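# What the coordinates show
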Amino acid sequence: QVQLVESGGGLVQAGGSLRLSCAASGRTFSNYIMGWFRQAPGKEREFVAAINWSGSTTLYADSVKGRFTISRDNVKKTLYLQMNSLKPEDTAVYYCAAKYGLGGPAARRAEYDYWGQGTQVTVSS
């Protein structure tokens, strides 16, 4: 079992930055591929970014490539999402997720085993 708790969301103007954190507890954090997803009102939850167990390989949705950076600290058992040049369309609840395994980062929601409760990000125009 892995427990995930997101933090760092908030209200920011377009063009601004936020850094989300996801603190993990429970089993060995480094045994998990980690991902960020988001869900806007009335829309399905969508993939944002993912990172393999060591942090050496990352994967991004086209909509955030070049603006967002995913990283992890396996000692602190924490996942991060640095979000720059934010746009109003980035407004959503952001969730972190964990998938057991040592393979590459995954983009499919169904592959993830554990989810956090989400943190709201609102970007004003």
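Residues numbered from 1 in each chain as written. Predicted model: local features only at pLDDT ≥ 70, side-chain atom pairs only at ≥ 80, totals over all residues. Heavy atoms only, no water.

## Quick notes on the nonpolar core
In this structure, Met34, Trp36, Leu79, Leu81, Met83 and Tyr94 are the most contacted members of the largest nonpolar core, which totals 36 residues. Mapped by element, the contributors of at least two residues to this core are strand E1 (2-7), strand E3 (18-26), strand E4 (32-39), strand E5 (46-51), strand E7 (68-73), strand E8 (78-83), strand E9 (92-100) and strand E11 (119-124). In this structure Met34 touches Leu4, Cys22, Phe29, Ala49, Ala50, Ile51, Ile70, Arg72, Leu79, Ala97, Ala98 and Tyr112, once residues within four positions along its chain are discounted. (Core = buried A, V, L, I, M, F, W, Y, C linked by side-chain atoms within 4.5 Å. Buried < 20%, exposed > 50% of the residue type's maximum accessible area, 1.4 Å probe, protein only. Helix = DSSP H or I, 4+ residues; strand = E, 2+ residues; numbered from the N terminus. Contact = heavy atoms within 4.5 Å.)

## What to know about the sheet that holds E1
One open sheet accounts for four strands, arranged E1-E3-E8-E7; its pairing is antiparallel. At either end of the open sheet lies a strand with only one pairing partner, and these are E1 and E7. In this sheet, adjacent strand axes meet at a mean angle of 15° when their direction is disregarded. Bridging between E1 and E3 involves six bridges; their strand directions are antiparallel. Residue Glu6 lies in a different strand from E3, and its bridge partner there is Cys22. (Pairing = 2+ DSSP bridges. Axes fitted to C-alpha atoms, helices over the stretch in contact; angles between N-to-C directions.)

## Describing the pattern of salt bridges
Summed over the entire model, instances satisfying the criterion amount to six salt bridges. The shortest N-O distance in the salt bridge between Glu111 and Lys99 comes to 2.8 Å. Of the two residues, Glu111 is situated in the loop between E9 and strand E10 (114-115) and Lys99 in strand E9; the sequence distance between them amounts to twelve residues. Exposure remark for Lys99: the relative accessible area of 18% places this residue in the buried category. (Salt bridge = Lys/Arg side-chain N within 4 Å of Asp/Glu carboxyl O.)

## Description of the state of the cysteines
Scanning all chains against the criterion turns up one disulfide. With a sulfur-sulfur separation of 2.0 Å, Cys22 is cross-linked through a disulfide to Cys96. Here Cys22 and Cys96 share a disulfide; its torsion about the S-S bond, 50°, makes the bridge right-handed. You can see Cys22 sitting in strand E3 and its partner Cys96 sitting in strand E9, a full 74 residues away along the chain. For Cys22, a relative accessible area of 0% corresponds to the buried category. The class of Cys96 is buried, set by a relative accessible area of 0%. (Disulfide = S-S within 2.5 Å.)

Interpretation in functional terms is not warranted from these geometric data alone.
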